[in-house]
Amino acid sequence: MKILVINSGSSSLKYQLFNYEEKTVIAKGLCERIGIPNSNFKHEDASGRDINEGRSFESHSDAVRTMIDTLLDPEAAILESLEDIAAVGHRIVHGGPYFSKPTVMTQSSKDAVRKCFPWSPLHNPANLTGVEVCEKLMPGIPQVGVFDTAFHQTMPPKAYMYGLPYRYYEEHNVRRYGFHGTSHAYVARRAAEMTKCGGDEHRLITCHLGNGSSFAAIKGGKCVDTSMGLTPLEGIMMGTRCGSIDPAIVTFIAKLEGDENKDVDYIMNNESGVRGVSGVSSDFRDLHAAASKGNERAKLALDMFCYQAVRIIGSYIAALGGVDSIVFTAGIGENDAALRKVVCDDLNFLGLKIDEEINASTHGKEVKISADDSSVEVFVIPTNEELSIAIQTVEVLGLA
Ligand code: ADP
């Protein structure tokens, strides 16, 4: 069975075609700079094709048409007909209070995706465009929306409510939603398969540390708390996002900068985080390099990130009444052994110990990095959001 996964952004469209039984990628590609001059097409597939060339994409329709033509090219023999695709899974960033699981896209579910536009003005409209274009160009093939927020919908009200007047929740759905849900769900499922102590009582903390970073507290496979909020700005400081700060700082900066001149939202999303503090970069490889040459602000940014990570993990240990397993995933979590060591060493008081040799040599592969006598199992599990979307698409359609 072949499942196509689409991640449609405002100016790009990524796709992966899976052989579902083998969980392998048969073809993948990226249409970049849609609607912008110098658009580009990248595609690789099992026939050995490796395309990277300029193509004109005036719209998302052009991008999807190019993808379809490339997949159907008889010489490559990737697909004989579009009907070989059993279903299409679409990444949709914000499902608001409307989606707690993957959902087949119908008129009413698309209307609900539209209602979430205010909370995700950059992503949701582009995600929905991807769905609508595929409906038109691949008629008859089920289109499924898989939501970044859905996994977190099991949080109890005490975790998702903010201490604001209740009417903002009642009238405008202002609450914590959380993000990276597809990633947290995927690594949580893998951790449950890898751990000795799974089941309904399994207390797990997943740390998705990438350009954007978030944590989830998970009990028996269900999310009970997560660090991102109404938007992906809350929680730990990130590459360029400030994370949680005193809310009064927002009005303070607005006054300082002059409201019309500087958009505080922009400052908090794009000029803050480890880049804002270090003045060096949002990339942790650059921060380590600068810190090792004595750059004090790069070192401070790394120290702050690790400290905030430990603080959030600590609060989730309290929320879960203890912890059995911790997972590191995404670009930093999978690759930054030095950072994992600092965070884990600060949790030594729990009896958590990592195997330093295994940790140091683990990059982007599934490995248990805790020592045999550790009180908490620690795993590195590479995330695979596309495969997770394919799995959830198949499950919701009952195709497996
Ligand atoms: P996203 O999908 O959110 O764009 P990723 O999960 O791909 O982000 O993570 C990207 C980040 O991972 C980079 O900005 C960089 O900070 C970090 N990263 C990648 N490789 C390494 C590495 N070897 N050491 C430290 N950090 C790394």
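Each remark here, short or long, concerns the structure printed above.
Residues numbered from 1 in each chain as written. Predicted model: local features only at pLDDT ≥ 70, side-chain atom pairs only at ≥ 80, totals over all residues. Heavy atoms only, no water.

### Focus: the site of the ligand
In the vicinity of the ligand, the residues found are G210, N211, G212, D283, F284, R285, A330, G331, I332, N335 and D336. Measuring from an oxygen atom of the ligand, one finds a backbone N or O atom of N211 at 3.2 Å. Separating an oxygen atom of the ligand from a backbone N or O atom of G331 is a distance of 2.9 Å. For the ligand, the accessible surface in isolation is 580 Å², of which the surrounding protein chains cover 67%. Among the elements of the structure, α10 (284-292) and α12 (330-335) are those that each provide at least two residues to the shell around the ligand. (Near = heavy atom within 4 Å. Polar contact = N/O pair within 3.5 Å; in protein donor to acceptor, adjacent residues only side chain to side chain. Areas by Shrake-Rupley, 256 points an atom, 1.4 Å probe, with all protein chains shown as cover. Helix = DSSP H or I, 4+ residues; strand = E, 2+ residues; numbered from the N terminus.)

### What to know about the environment of S388
As for its placement among the helices and strands, S388 is situated in helix α15 (residues 385-397). Along the sequence, S388 and C207 sit 181 residues apart, while their C-alpha atoms lie 17 Å from each other. Not counting residues within four places of it along the chain, the set of residues in contact with S388 comprises T182 and Y186. (Contact = heavy atoms within 4.5 Å.)

### Details of the side chain of T70
With respect to the element layout, T70 can be found in helix α1 (residues 60-72). Judged by its relative accessible area of 6%, T70 is buried. Setting aside residues up to four positions removed in sequence, T70 forms contacts with F41, H43, R49 and I51. (Buried < 20%, exposed > 50% of the residue type's maximum accessible area, 1.4 Å probe, protein only.)

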